[in-house]
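Given next are the chains, with one letter for each unit.
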Amino acid sequence: FLTILLEDGDLELADGLAAESPVRVFNSFRANVSLATIRMNHDHAREALPLLKRASELDPKNVTPHTMSAEAYRKLRNWALALKSADAAIAIEPKEAEAHYQRACALAQLRRPAEAVAALKYAFDLDDEVYLAEEVEQEPDLKPLAPVRAFKKVLADIKRAQEGEVPPQKPEPDKQER
């Protein structure tokens, strides 16, 4: 029932519906993820974390709560837990591009540029249609990578791919290092 609210993201309405059916929400993976999404969209990342934890308990093999937790921890500027959440998602699904992107952002903020660029490149290699060069360039958590030559090369590769100049390379799973 909460998934309908994702588009509009009315926090008060979502909280009201959740309060009317707390057991139903508590036992629903989708409801927990939906409520967490709404809270994160309203800058309530801290309040989203318990919902994401519950969602991961309800569906331990689903990467969504882990990638969303990584994003929530990034919003809270807790880089170590953002990295831990991204790595948990990668452990479940090694080819989850969003998890590698979240990992790149956390690593950049932890001042681990070589690993951050490798994670970003791998995310792009996995899904070259998700990332726009301008958005990557503007991402605040990736700003520490701006002077790094390898980061500039990844940005150039993303731009070329956007323009249709370079066909994407699909990575081999055993070549990604953590």
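Residues numbered from 1 in each chain as written. Predicted model: local features only at pLDDT ≥ 70, side-chain atom pairs only at ≥ 80, totals over all residues. Heavy atoms only, no water.

## Here's the deal with the overall build of the chain
(1) Moving on: From N to C terminus, the chain includes 10 helices and zero strands.
(2) Moving on: The order of helices and strands in the chain, counted from the N terminus, is α-α-α-α-α-α-α-α-α-α.
(3) Moving on: The long-range fraction of contacts in the chain, counting pairs at least 24 apart against all pairs at least 6 apart in sequence, stands at 61%.
(4) Moving on: Surface summary for the chain: the accessible area is close to 9,800 Å², and the carbon and sulfur share equals 50%. (Helix = DSSP H or I, 4+ residues; strand = E, 2+ residues; numbered from the N terminus. Contact = heavy atoms within 4.5 Å. Areas by Shrake-Rupley, 256 points an atom, 1.4 Å probe, with all protein chains shown as cover.)

## Some details on helix 3 (residues 29-41)
(1) Moving on: Compared with the 18 Å implied by 1.5 Å per residue over 13 residues, the 18 Å span of helix 3 between its first and last C-alpha is a close match.
(2) Moving on: Most of helix 3 sits out of view: 11 of its 13 residues are buried.
(3) Moving on: Among all positions of helix 3, only Phe29, Ala31, Asn32, Val33, Ser34, Leu35, Ala36, Thr37, Ile38, Arg39 and Met40 are buried.
(4) Moving on: Looking one or two residues past helix 3, Asp43 carries a phi angle of roughly 60°, positive in sign. (Expected span 1.5 Å × (residues − 1). Buried < 20%, exposed > 50% of the residue type's maximum accessible area, 1.4 Å probe, protein only.)

## Brief notes about unusual backbone geometry
(1) Moving on: Phi at Asp43 is positive, roughly 60°, even though this residue is not glycine.
(2) Moving on: Looking at the element boundaries, Asp43 is found in the loop between helix 3 and helix 4 (45-58).
(3) Moving on: Phi is positive for Arg77, which is not a glycine, with a value near 65°.
(4) Moving on: Looking at where Arg77 falls in the secondary structure, it is placed in the loop between helix 5 (64-75) and helix 6 (79-92).

## A word on the packing of helix 7 (residues 97-109) against helix 8 (residues 113-126)
(1) Moving on: Put simply, helix 7 and helix 8 touch, their axes get as near as 8 Å, and they point 160° apart. Looking at the two axes, helix 7 sits roughly antiparallel to helix 8. Regarding helix 7 and helix 8, the two cross each other, and that crossing is left-handed. Contact with helix 7, carried on its side by Ala97, His100, Tyr101, Arg103, Ala104, Leu107 and Ala108, involves Glu115, Ala116, Ala119, Leu120, Tyr122, Ala123 and Leu126 of helix 8 and no other residues of that element.
(2) Moving on: Classifying every residue of the contact of helix 7 with helix 8 gives 11 nonpolar, one polar and two charged. (Axes fitted to C-alpha atoms, helices over the stretch in contact; angles between N-to-C directions. Parallel < 35°, antiparallel > 145°, perpendicular 65-115°, else oblique. Left-handed = near helix turned anticlockwise from the far one by under 90°. Nonpolar A, V, L, I, M, F, W, Y, C, P; charged D, E, K, R; others polar.)

## A short note on the nonpolar core
Nonpolar side chains tend toward joint burial in soluble globular proteins.
(1) Moving on: One finds Tyr101, Leu120, Val136, Leu142, Leu145 and Phe151 to be the most contacted residues of the largest nonpolar core, which totals 41 residues.
(2) Moving on: Broken down by element, this core gets its largest block of residues, eight residues, from helix 8.
(3) Moving on: If sequence neighbours within four positions are ignored, Val136 has contacts with Tyr101, Leu120, Tyr131, Leu142, Phe151, Leu155 and Ile158. (Core = buried A, V, L, I, M, F, W, Y, C linked by side-chain atoms within 4.5 Å.)

## A closer look at the packing of helix 3 against helix 5
(1) Moving on: Between helix 3 and helix 5, whose axes approach to 11 Å, the crossing angle comes to 20°. Compared by their axis directions, helix 3 and helix 5 come out roughly parallel. Crossing of helix 3 against helix 5: the hand is left-handed. Facing helix 3, whose interface residues are Phe29, Val33, Ala36, Thr37 and Met40, helix 5 presents Thr64, Pro65, Met68, Glu71, Ala72 and Lys75.

## Here's the deal with the side chain of Ser56
(1) Moving on: Mapping Ser56 onto the fold places it in helix 4.
(2) Moving on: Note on Ser56: relative accessible area 17%, which makes it buried.
(3) Moving on: Setting aside residues up to four positions removed in sequence, Ser56 forms contacts with Pro65 and His66.

## Focus on helix 8
Because each turn of an α-helix spans 3.6 residues, side chains separated by three or four positions in sequence point in the same direction.
(1) Moving on: For helix 8, with 14 residues, the first-to-last C-alpha span of 20 Å sits near the 20 Å given by 1.5 Å per residue.
(2) Moving on: For helix 8, every residue scored as buried is listed here: Ala116, Val117, Ala119, Leu120, Tyr122, Ala123, Phe124, Asp125 and Leu126.
(3) Moving on: On its buried face, helix 8 is in contact with helix 7, helix 9 (133-138) and helix 10 (149-162).

All quantities given are derived from atomic positions and should not be read as evidence of function.
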